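Given next are the chains, with one letter for each unit.
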Amino acid sequence: MKTSRRILLAGLAGLAVAPPAVMAAVPPLANDDTTVAEERFARMIAAAHAPDVTCARQAQRYADTHWPEYVVAARAVLDARA
């Protein structure tokens, strides 16, 4: 599966888990107890939500900046898998 397709699917998973009403509220930022898996998945979801996902460099910069906002969605997805 291509990387862009994986990023898109991860972003859709984040949207499915966190309804727009919850995302409209100010999400809590990541705590110091964020695991590596949660951080990586949050970065993937953030990259999928970048304004211009066609440019990998811009999506990566967006993910580096905004990944703490997506930790809640990443935790929900990872907890659902367990």
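Below or above, wherever it landed, is the structure these notes cover.

It is worth spelling out the overall build of the chain at this point. Along the backbone of the chain there are five helices and zero strands. Listed N to C, the secondary structure of the chain is α-α-α-α-α in terms of helices and strands. Looking at the chain residue by residue over its 82 residues, the buried ones come to 28%. Considering only residue pairs separated by 6 or more positions, the chain has 72% of its internal contacts joining residues 24 or more positions apart. Approximately 5600 Å² of the chain is accessible, and the part contributed by carbon and sulfur atoms is 60%.

In this section: the packing of helix H3 (residues 36-48) against helix H5 (residues 71-81). Two numbers describe how H3 lies on H5: the axes approach to 8 Å, and their chain directions differ by 115°. Crossing of H3 over H5 shows right-handed handedness. Here H3 contributes Ala 37, Glu 38, Phe 41, Ala 42 and Ile 45 to the contact with H5, which in turn contributes Val 71, Ala 73, Ala 74, Arg 75, Val 77 and Leu 78. When its residues are assigned to classes, the contact of H3 with H5 shows nine nonpolar, no polar and two charged.

Contact geometry of H3 with helix H4 (residues 56-66) gives a least axis separation of 8 Å together with a crossing angle of 130°. Considered as vectors, H3 and H4 are oriented oblique to each other. Here H3 and H4 pass one another in a crossing that is right-handed. Seen from H3, the contacting residues are Arg 43, Ala 46 and Ala 47; seen from H4, they are Ala 59, Tyr 62, Ala 63, Asp 64 and His 66. Looking at side-chain class alone, the contact of H3 with H4 contains five nonpolar, one polar and two charged residues.

A pair can form between side chains of opposite charge whenever their charged atoms are brought close. Applying the stated criterion across every chain yields a total of four salt bridges. Between Arg 43 and Glu 39 there is a salt bridge, with its nearest N and O atoms 3.1 Å apart. Residue Arg 43 and its partner Glu 39 are both found in helix H3; the two are separated by four residues, about one turn of the helix. The exposure class of Glu 39 is partly exposed, given its relative accessible area of 26%. The closest approach of N and O atoms between Arg 43 and Asp 64, which form a salt bridge, is 2.6 Å. Pair noted here: Arg 43 is in helix H3 and Asp 64 is in helix H4, with a separation of 21 residues, a long-range link.

Definitions and limits used
Residues numbered from 1 in each chain as written. Predicted model: local features only at pLDDT ≥ 70, side-chain atom pairs only at ≥ 80, totals over all residues. Heavy atoms only, no water. Helix = DSSP H or I, 4+ residues; strand = E, 2+ residues; numbered from the N terminus. Buried < 20%, exposed > 50% of the residue type's maximum accessible area, 1.4 Å probe, protein only. Contact = heavy atoms within 4.5 Å. Areas by Shrake-Rupley, 256 points an atom, 1.4 Å probe, with all protein chains shown as cover. Axes fitted to C-alpha atoms, helices over the stretch in contact; angles between N-to-C directions. Left-handed = near helix turned anticlockwise from the far one by under 90°. Nonpolar A, V, L, I, M, F, W, Y, C, P; charged D, E, K, R; others polar. Parallel < 35°, antiparallel > 145°, perpendicular 65-115°, else oblique. Salt bridge = Lys/Arg side-chain N within 4 Å of Asp/Glu carboxyl O.

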